[in-house]
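Residue-level structure breakdown
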Amino acid sequence: MSPNICIINFYSKTGKFGLHQDKDESPESLRKGLPVVSFSIGDSAEFLYGDHRDIEKADKVVLESGDVLIFGGKARNIFHGVDSIVPDTAPKALLEETYVKPGRLNLTFREY
Ligand SMILES: O=C(O)CCC(=O)C(=O)O
Ligand SMILES: [Fe+2]
């Protein structure tokens, strides 16, 4: 794939993102299952994912700073979202050596 979009989300310690599917890319990109490549920086996040828009049925994984999550192919249409941010879990060096604000940054690369 050749990513030509980067969406950047910033989450404060109370940030959330409801369950959704990423469907704004072109029909061809979606049909091919070209992946969303997601980088997490800063505080950890409780990330939900599943086959339904139902928080009760969703699985949860903690995404830590430096984690890269890729969802493509059959997984491209999963419902996903951020349930909560785990405050004060960012690596100390990140806060001390960069100007990044406390919280979480998520960068997703996609091909339109
Ligand atoms: O912050 C995340 O890990 C998910 C972001 C997301 O789902 C999106 O930008 O569409
Ligand atoms: Fe998304």
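Keep in mind it's a predicted model, so treat the numbers as computed, not measured.

1. Side note on the coordination of the iron ion (ligand 2)
Every protein donor of the iron ion (ligand 2) is listed here as His-20 (NE2), Asp-22 (OD), Asp-22 (OD) and His-80 (NE2), and their distances to the metal cover 2.1 to 2.7 Å. Seen from the iron ion (ligand 2), its six donor atoms lie at angles of 51 to 172 degrees, and the figure they make is irregular. The sequence pattern describing where the donors of the iron ion (ligand 2) fall on their chain is H-x1-D-x57-H. Relative accessible area serves as the criterion here: at 8%, Asp-22 is assigned to the buried category.

2. Remarks on the sheet that holds strand S7 (residues 79-86)
Pairing between sheet strands relies on hydrogen bonds along the backbone, with the strands arranged either parallel or antiparallel. Taking strand neighbours across the sheet as the criterion, the four strands line up as S2-S7-S4-S5 in an open arrangement whose pairing is antiparallel. Here the strands that pair on one side only, and so sit at the sheet edges, are strand S2 (17-20) and strand S5 (59-63). For this sheet, the mean inter-axis angle between neighbouring strands, taken without regard to orientation, is 25 degrees. The sheet contact formed by strand S4 (residues 44-50) and S7 spans seven bridges and is antiparallel. Bridge pairing in S7 links Glu-46 to Ser-84.

3. Let's talk about the UniProt feature "binding site: Fe cation" (unreviewed entry) in the chain
Using the residue numbers shown here, the UniProt feature "binding site: Fe cation" (unreviewed entry) corresponds to His-20, Asp-22 and His-80. With the annotated positions falling across 61 residues, the maximum pairwise C-alpha distance of 8.7 Å places them together in a single cluster. Position of His-20 among the secondary structure elements: in strand S2. Side-chain polar atoms of His-20 contact the backbone oxygen of Gly-18, separated by 2.9 Å. In this structure, Asp-22 sits in the loop between S2 and helix H1 (27-32). Not counting residues up to four positions away in its chain, the partners in contact with Asp-22 are Leu-30, Val-36, Phe-71, Arg-76, His-80 and Arg-110. Side chain to side chain, Asp-22 and His-20 meet in a polar contact 3.0 Å long.

How each quantity is defined
Residues numbered from 1 in each chain as written. Chains lettered and ligands numbered in written order. Predicted model: local features only at pLDDT ≥ 70, side-chain atom pairs only at ≥ 80, totals over all residues. Heavy atoms only, no water. Donors = N, O, S within 2.8 Å, 3.2 Å for Na, K, Ca; no water. Tetrahedral: all angles 85-135°; square planar, octahedral: opposite > 155°, others 65-115°. Buried < 20%, exposed > 50% of the residue type's maximum accessible area, 1.4 Å probe, protein only. Pairing = 2+ DSSP bridges. Helix = DSSP H or I, 4+ residues; strand = E, 2+ residues; numbered from the N terminus. Axes fitted to C-alpha atoms, helices over the stretch in contact; angles between N-to-C directions. UniProt positions renumbered as here; feature names shortened; annotations may be inferred. Polar contact = N/O pair within 3.5 Å; in protein donor to acceptor, adjacent residues only side chain to side chain. Contact = heavy atoms within 4.5 Å.

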